[in-house]
Amino acid sequence: MPASDKPHSRYMPGLDGLRALALIGVMGYHWNFGFAGGGFLGVSLFFVLSGYLITDILASQWHHHRRIDLKDFWIRRFRRLLPAMLLMLFILVVWVTLFDRSRLATLRSEVLGAVTYISNWQFIFQQQSYFESFGPPSPLGHFWSLAVEEQFYLLWPLIMLAVLKLFPRRGQLFTFIAAGAAISALAMAVIYQPGDDPSRVYYGTDTRAFGLLIGAGLAIVWPSWKLSTHVSRAARRRLNLTGAVALLIILFMMWRVDRYDSFLYQGGMFLFSLAAAVLVAVLAHPAASISRLLSWKPLLWIGVRSYGIYLWHYPVMILTSPASGTGNLSLPQVALQIAASVLLAALSWKYVEEPIRHGGLKKVWFKARSIRRRPASISLRGWVVSLSSLILIGIFCSGMMSSVSSARTVGDIAAMLNLDDPAPEEPDQNQGGGSGAMEPPQGQTPLPTGTDDGNISPPPTDAKQPGVIKKPDPAKETDEMPLPNEATHSGDEDTGGNEEPDPPAGNDADNEDKNTDTGSEDPDKADSEKTIPDQPNEDKAGKPGEEKADKPDQSKDSGSETTGGKSNQTQPTNKPQNPPVSQSTVTAIGDSVMLGVSPYLEKSLPGIHIDAEIGRQMRQADDLIPAMKTQNRIDGGVIIIGLGTNGAFSKKDLDSLLRPLDSAKQILLINTRVPRDWEQNVNGMLAKAAAENPKVTLVDWYSASKDHPEYFRSDGVHLEPEGAEAYTSMLLQAIKK
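In what follows, the accompanying structure is described. A quick note: this is a predicted structure, and the numbers were derived from the prediction, not measured.

Some details on the overall build of the protein
Then, number 1: Within the protein, the secondary structure is distributed over 25 helices and 10 strands.
Then, number 2: Looking at the protein as a whole, 55% of its 737 residues are labelled buried.
Then, number 3: On the protein, roughly 32,300 Å² of surface is accessible, and the fraction owed to carbon and sulfur atoms is 59%.

Have a look at this one:
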């Protein structure tokens, strides 16, 4: 059992057990364990614990010495936190430099944010979602909570020093802290918008400070150094009963709470923090026997090393998981990841954290000085360690200094990010504004061009700018209707670029591939040429008829079995069947999946209007309705909606989109298959909407694509040519003739 190294304090083993419980919840949430749906609330436990322990130290110093030793406090904090963090960041950069260089462009800024403890605000300004990240997540995505805590460690002693002089009485001080906690919780409730991504209020120091302040307030009215073991039996029973109830509330919420539940951000997280404070108060009391429950040796071992395990588990999980996420990991793979995280944390604690915490740096310094005073021979082991360290430092510096800004051409950037060199754009040769198609070498069949989000467009297709509703010449629609046996197909190999991780906000699609247009020789059709960019989780909020400025939208995805509703269960053939001959206009609204399939739809449904954007959320789609009404594309038309890949949405968002479409002849809702935990939420919502609205037909892509891994690229969402053909076939069969 570790002893406390702080004067006027005692070791409270139950609190280390509570740390272990919080850590297990967070790790269970990150690995998508069924028992930890609300495991992210473990961070709130950490906040309450930190607020209590830090304020308990400061209040104790003030009580016994009438002063707060800021220098001693901050040195202790930095000595406790910095060594393990710097070691982890060093090894992470070395690993990524050697084995995953595509991450370096974004990792450098995130490392700087981590070292300066501003990661949470960095993620907010970059609009990096904690809940809806679809692309490869950052291995430092968990640093937001460490940033919040370190900001508290830096500012709170100064605030306490000032407040203790203004409000010397305990009641006044508690009132001040309670008011601050209430304001923070109110800010979370006010800023949060139901149906929107809650990451802003989840990350913000202003909206998360209440957890720390609740713990701080507890330390003022329940200081550990004033608690006595001499209490009555009745008081002991009340302590244990109160602690048991608080523990059950915490466990229930960490099991059942849904991250999109509005209640959570409108008071629920505040109530959870209050329950955590009650449990901390009981566990801190030496007379409470319930603390023995959380003083089980394995829990204590984890709790003592919880900081290191928290540091290591997320980068280990991210860097050793496939592009499709942790959902496809087997139990042995998850066990290995957890074991590696614990092992690295244990080594760090034993050889770095504990020695430095107990004066190890001074010992090393004195030893180095004594060696300088006398000649010393370096052993073989010393040479190996020294050379290895120099090599690793060189790799670290190389990784941190290499920069995309040093690239001079698009090809340089593609090479740096391990991408295929994108095809250069040809100058505009047409008065209509279209760009000419790349001509293949003589005698060769043009290969399909890979879209940046991982989909392959077939050779015979037109293209257009993403996010712009296509306006074909009505005079040509009749001529372009396919023959009865016509079908779209693509027999060429995938030549798309490699997958790359999400860039930070503002670095949208650095490269654009151009689809080769061989479907028509009419120069007027150059207006519909399309370029499809690569970032699968970036959003462009734009309007029909004009180019959109790229804007990242960290999104959520969905996928689960759907029940209810008018579901189109027809299994698709490998190639689209005969399109329905209909006089109705067809309009498709979608995200990056629809964007990748659009060439197939344009070939099979000439005249279709497609508005598909990377990263589009359901809540953004109703912005398209006014333009659709102006173009008379709703009344009597067929509307295809393929949204949900990028995250969950509220019933209000879906109703807001469907309500103006009531005059349409038919509305097709395509459900999703995406290896993310919002899959079930999205598909259930779509199935319910189809069951309630007679004009809505559910196209059950989730069921149709089951057991067809060949349909998908490595991310498990975007489609290979075979999958795009199957997707198109389902839509054609679902459209009423």
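Details of the pairing of strand E10 (residues 696-699)
Then, number 1: Neither face of E10 is exposed, since Val696 and Leu698 on one face and Thr697 and Val699 on the opposite face are all buried.
Then, number 2: Across 4 bridges, strand E9 (residues 666-670) lies against E10 in parallel orientation. If you follow Leu668 over to E10, its bridge partner there is Thr697.
Then, number 3: Running through helix H23 (residues 679-692), the crossover from E9 to the neighbouring parallel element E10 is right-handed.

Thoughts on helix H14 (residues 331-357)
Then, number 1: Relative to the 39 Å expected for 27 residues at 1.5 Å per residue, H14 spans 36 Å between its end C-alpha atoms, a close match to the ideal helical length.
Then, number 2: For H14, the principal kink sits at Trp349 and spans about 45 degrees.
Then, number 3: Among the residues making up H14, those that are buried are Val334, Gln337, Ser341, Ala345, Ala346, Ser348, Trp349, Val352, Glu353, Glu354 and Ile356.
Then, number 4: Immediately beyond the C-terminal end of H14, within one or two residues, lies Gly359, with a positive phi of roughly 85 degrees.

What about empty space enclosed by the protein?
Then, number 1: Counting across every chain of the model gives 5 cavities of 30 Å³ or more.
Then, number 2: In this structure, the largest cavity occupies an estimated 100 Å³ of space.
Then, number 3: Taken together, 13 residues line the largest cavity, and the ones lying closest to its centre are Val593, Thr645, Asn671, Thr672 and Tyr727.
Then, number 4: For the lining of the largest cavity, the residue count by class is 7 nonpolar, 4 polar and 2 charged.

With respect to a nonpolar patch on the surface
Then, number 1: A contiguous nonpolar patch, built from Phe78, Leu154, Leu155, Ile159 and Phe176 and spanning about 410 Å² of accessible area, is present on the exposed surface.
Then, number 2: In terms of residue count, helix H6 (residues 143-166) provides more of the nonpolar patch than any other element does, 3 residues in total.
Then, number 3: Within the secondary structure layout, Phe78 lies in helix H3 (residues 70-99).

Here we look at the packing of H6 against helix H9 (residues 205-221)
Then, number 1: Their axes nearest at 10 Å, the elements H6 and H9 cross at an angle of 55 degrees. Judged by the angle between their axes, H6 and H9 are oblique. Once H6 is placed against H9, the crossing between them reads as right-handed. Within the contact between the two elements, H6 uses Trp144, Val148, Gln151, Phe152, Trp156 and Met160 and H9 uses Thr205, Arg208, Leu212, Leu213, Ala216 and Ile220.
Then, number 2: For the contact of H6 with H9, the residue count by class is 9 nonpolar, 2 polar and 1 charged.

So, unusual backbone geometry
Then, number 1: At Asn32, a position not held by glycine, the phi torsion is positive, near 60 degrees.
Then, number 2: Turning to its location among the elements, Asn32 is positioned in the loop between helix H1 (13-30) and helix H2 (42-65).
Then, number 3: With relative accessibility at 40%, the residue Asn32 sits in the partly exposed group.
Then, number 4: Phi is positive for Tyr117, close to 55 degrees, though the residue is something other than glycine.
Then, number 5: Turning to its location among the elements, Tyr117 is positioned in the loop between helix H4 (104-115) and helix H5 (119-125).
Then, number 6: Residue classification places Tyr117 among the buried positions, given a relative accessible area of 7%.

With respect to helix H13 (residues 306-319)
Then, number 1: The terminal C-alpha atoms of H13 lie 20 Å apart, and with 14 residues this matches the ideal 20 Å at 1.5 Å per residue to within 8%.
Then, number 2: The buried count for H13 comes to 14 of 14 residues, which makes it a mostly enclosed element.

A word on the packing of aromatic side chains
Then, number 1: Tallied over the entire structure, the rule returns 20 aromatic pairs.
Then, number 2: Measuring from ring centre to ring centre gives 4.6 Å for Trp95 and Phe99, while their planes differ by 55 degrees; the resulting arrangement is tilted. Of the two residues, Trp95 and Phe99 both sit in helix H3, 4 residues apart, roughly one turn of that helix.
Then, number 3: Under the relative-accessibility criterion, Trp95 is labelled partly exposed at 39%.

Considerations on the side chain of Glu353
Then, number 1: Relative to the helices and strands, Glu353 is located in helix H14.
Then, number 2: By relative accessible area, Glu353 is classed as buried at 4%.
Then, number 3: Of note is the side chain of Glu353, whose polar atom sits 3.4 Å from the backbone nitrogen of Trp349.
Then, number 4: Those residues within four positions of Glu353 in sequence are excluded, and the remaining contacts are Arg80, Ala84, Tyr307, Gly308, Ala345 and Ser348.

As for the pattern of salt bridges
Then, number 1: In the structure shown here, the tally under the stated rule is 10 salt bridges.
Then, number 2: The residue Arg80 makes a salt bridge to Glu353 at a minimum N-O spacing of 3.1 Å. Here Arg80, found in helix H3, pairs with Glu353, found in helix H14; they are 273 residues apart in sequence, far enough to count as distant. There is no split in this pair, since Arg80 and Glu353 are both buried.
Then, number 3: The partner of Lys651 in a salt bridge is Asp655, with the nearest N and O atoms 2.8 Å apart. Residue Lys651 and its partner Asp655 are both found in helix H22 (residues 651-658); the two are separated by 4 residues, about one turn of the helix.
Then, number 4: On the accessibility criterion, Lys651 (37% relative accessible area) is partly exposed.
Then, number 5: With relative accessibility at 24%, the residue Asp655 sits in the partly exposed group.
Then, number 6: One network of salt bridges, in which partners are shared, links Asp611, Glu613 and Arg616.

Criteria and cut-off values
Residues numbered from 1 in each chain as written. Predicted model: local features only at pLDDT ≥ 70, side-chain atom pairs only at ≥ 80, totals over all residues. Heavy atoms only, no water. Helix = DSSP H or I, 4+ residues; strand = E, 2+ residues; numbered from the N terminus. Buried < 20%, exposed > 50% of the residue type's maximum accessible area, 1.4 Å probe, protein only. Areas by Shrake-Rupley, 256 points an atom, 1.4 Å probe, with all protein chains shown as cover. Pairing = 2+ DSSP bridges. Right-handed = clockwise from strand over helix to strand, strands pointing away. Expected span 1.5 Å × (residues − 1). Bend = angle between axes of the 7 residues up to and from the residue. 1 Å grid on protein atoms, 1.4 Å probe; cavity = no way out; pocket = protein on both sides within 12 Å on 5 of 7 lines; lining within 4 Å. Points joined across faces, edges and corners; volume = space filled by probe spheres on them. Nonpolar A, V, L, I, M, F, W, Y, C, P; charged D, E, K, R; others polar. Patch = residues over 30% accessible without salt bridge, like charges linked within 9 Å, V, L, I, M, F, W, Y side chains within 5 Å. Salt bridge = Lys/Arg side-chain N within 4 Å of Asp/Glu carboxyl O. Axes fitted to C-alpha atoms, helices over the stretch in contact; angles between N-to-C directions. Parallel < 35°, antiparallel > 145°, perpendicular 65-115°, else oblique. Left-handed = near helix turned anticlockwise from the far one by under 90°. Contact = heavy atoms within 4.5 Å. Phe/Tyr/Trp six-rings, centres within 6.5 Å; stacked < 30°, edge-to-face > 60°. Polar contact = N/O pair within 3.5 Å; in protein donor to acceptor, adjacent residues only side chain to side chain.

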